[in-house]
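# An overview of the molecular structure
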Amino acid sequence: MSSGNPEMTEKIRRLAKEKNAIILAHNYQVPEVQDVADMTGDSLALSVKVSKTDADLIIFCGVHFMAEAASILCPDKKVILAVEDAGCPMADMLTAEELREEKKNLPGVPVVTYVNSSAEVKAESDICCTSANAVQVAKWTKSPEVLMTPDRNLAMWVQRHTDQKIHFWPGYCPVHNNLTVRAVEKARQEHPEAILMAHPECPPEVLDMADVVRSTGGMLDYAKNSSEKRFIVATEVGLLYPLKKANPEKEFYPASPEMICQDMKKTTLAELLRALETERPVVKVPDDIRVKALRAVERMMEVPRD
Ligand code: 13P
Ligand code: SF4
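In this report, we go over the structure that sits alongside the text.

As a structural note, the neighbourhood of ligand 2 is formed by Y28, V63, C88, P89, M90, N116, C173, E201, C261 and M264. Tallied by class, residues from the shell around ligand 2 come to 8 nonpolar, 1 polar and 1 charged.

This is the structure we're talking about:
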């Protein structure tokens, strides 16, 4: 458990129970927020959880597109994002208008959109994917060509695992894309016996060095089931907390201590408590966009995992 603030944690838990609220936290959230949540996970796991919840209130500790995904899946529930301006810079790199223009250049080519995108962009897409299922989703389209948006690194990663031609939008995650070969080499020199786990949002030259490429949830599963004892973790540093919590006997080292997503760190216990008390800010996707976006999200959820 994190040191946190026991009084505030207790207040949050009590209020959540009174309001029949479910608190969901992404794996990059600060430790005390992860500890107070009903569930933590990667984007796919959180979406699956949301789609099955019978809570009246959904409180998201993460970034805007995650709360939008909850609103898409649960239109009758009140969805609250703990901090209003917690966004994802990668999601902001593609607008629906830009995607409509790009589709004109690739007529008939299915659009596979990473969940790190706005609801409007999802509404213009054929199917969504996450870092946990991107390869399976691209193959599922059975199309010789696919357009993947908005993350170029994830798209290039998929390209290595399929014979399909993958076109991509040149977006990226600033946190992962800034990870250099040099930084990873340094981490490897310091921990030569460690397994290198990397997120597919990292640049291709970093992924070339990795022993394992996985979503954040995939890294948690891998570390738990592996007989190895030491791991270098090439993703946002927040993941080190649940890794260590689930595997106290193993060691985890950041590939670079600079891999910090400022937006993910905006949520504090105090912000979460305020959101729960005020039931604000509400994230509600308008129905015309929601219905189209839901098609793309539901299709993704039907794709079998390997
Ligand atoms: P995961 O779905 O792997 O948790 O990734 C979400 C994300 O924002 C990565 O930067
Ligand atoms: Fe977006 Fe990158 Fe932050 Fe994930 S880590 S929420 S992709 S900016």
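Let us keep going from here.
Below, the discussion takes up the packing of helix 1 (residues 6–18) against helix 14 (residues 269–278). Helix 14 packs onto helix 1 with a crossing angle of 25° between their chain directions and a minimal axis gap of 10 Å. When the axis of helix 1 is compared with that of helix 14, the two are roughly parallel. For the pair helix 1 and helix 14, the crossing hand works out as left-handed. Here M8, T9, K11, I12, L15 and A16 of helix 1 come into contact with helix 14, specifically with L269, A270, L272, L273, L276 and E277. Of the residues contributing to the contact of helix 1 with helix 14, the split by class is 9 nonpolar, 1 polar and 2 charged.

With that out of the way, let us pick up the pattern of salt bridges. Considering all chains together, one arrives at 19 salt bridges under this definition. A salt bridge links K78 to E279, with the shortest nitrogen-to-oxygen separation between them at 2.8 Å. Here K78 is found in strand 4 (residues 78–81), whereas its partner E279 is found in the loop between helix 14 and helix 15 (287–302), with 201 residues between them in sequence. What makes K78 partly exposed here is its relative accessible area of 33%. With its nearest N and O atoms 3.0 Å apart, the salt bridge here joins D211 to R188. Placement of D211 in the loop between helix 11 (204–207) and strand 10 (212–213) and of R188 in helix 10 (residues 181–190) is noted, with a sequence separation of 23 residues between them.

Every buried residue of helix 3 (residues 43–52) is listed here: S43, L44, L46, S47 and V50. All buried residues of helix 3 fall inside an arc of 165° around its axis, so they share one side. Buried residues belonging to helix 3 abut strand 1 (21–26), strand 2 (39–41), strand 3 (57–61), helix 4 (64–73) and helix 15.

Take the site of ligand 1 next. H26, Y28, D42, S43, N116, S131, H176, H199, E201, S215 and T216 make up every residue found near ligand 1. Here an oxygen atom of ligand 1 and a side-chain polar atom of Y28 are 3.4 Å apart. The separation between an oxygen atom of ligand 1 and a polar side-chain atom of S131 is 2.7 Å. If ligand 1 stood free it would expose 300 Å²; the protein chains cover 96% of that surface. Classifying every residue of the shell around ligand 1 gives 1 nonpolar, 8 polar and 2 charged.

The next subject is the pairing of strand 11 (residues 230–234). Among the 5 residues that make up strand 11, 4 are buried, leaving the element largely enclosed by the rest of the structure. Alignment of strand 9 (residues 195–198) against strand 11, held across 4 bridges, turns out to be parallel. Each bridged residue has a counterpart across the sheet, and for M197 the counterpart in strand 11 is V233. Pairing of strand 11 with strand 12 (residues 251–254) involves 4 bridges; the strand directions are parallel. When the bridges of strand 12 are listed, R230 appears paired with E251. Of the crossover connections in this fold, the one passing from strand 11 over helix 13 (residues 240–246) to the parallel strand 12 is right-handed.

Cut-offs applied
- Residues numbered from 1 in each chain as written.
- Chains lettered and ligands numbered in written order.
- Predicted model: local features only at pLDDT ≥ 70, side-chain atom pairs only at ≥ 80, totals over all residues.
- Heavy atoms only, no water.
- Near = heavy atom within 4 Å.
- Nonpolar A, V, L, I, M, F, W, Y, C, P; charged D, E, K, R; others polar.
- Axes fitted to C-alpha atoms, helices over the stretch in contact; angles between N-to-C directions.
- Helix = DSSP H or I, 4+ residues; strand = E, 2+ residues; numbered from the N terminus.
- Parallel < 35°, antiparallel > 145°, perpendicular 65-115°, else oblique.
- Left-handed = near helix turned anticlockwise from the far one by under 90°.
- Contact = heavy atoms within 4.5 Å.
- Salt bridge = Lys/Arg side-chain N within 4 Å of Asp/Glu carboxyl O.
- Buried < 20%, exposed > 50% of the residue type's maximum accessible area, 1.4 Å probe, protein only.
- Arc of directions from axis to C-beta.
- Polar contact = N/O pair within 3.5 Å; in protein donor to acceptor, adjacent residues only side chain to side chain.
- Areas by Shrake-Rupley, 256 points an atom, 1.4 Å probe, with all protein chains shown as cover.
- Pairing = 2+ DSSP bridges.
- Right-handed = clockwise from strand over helix to strand, strands pointing away.

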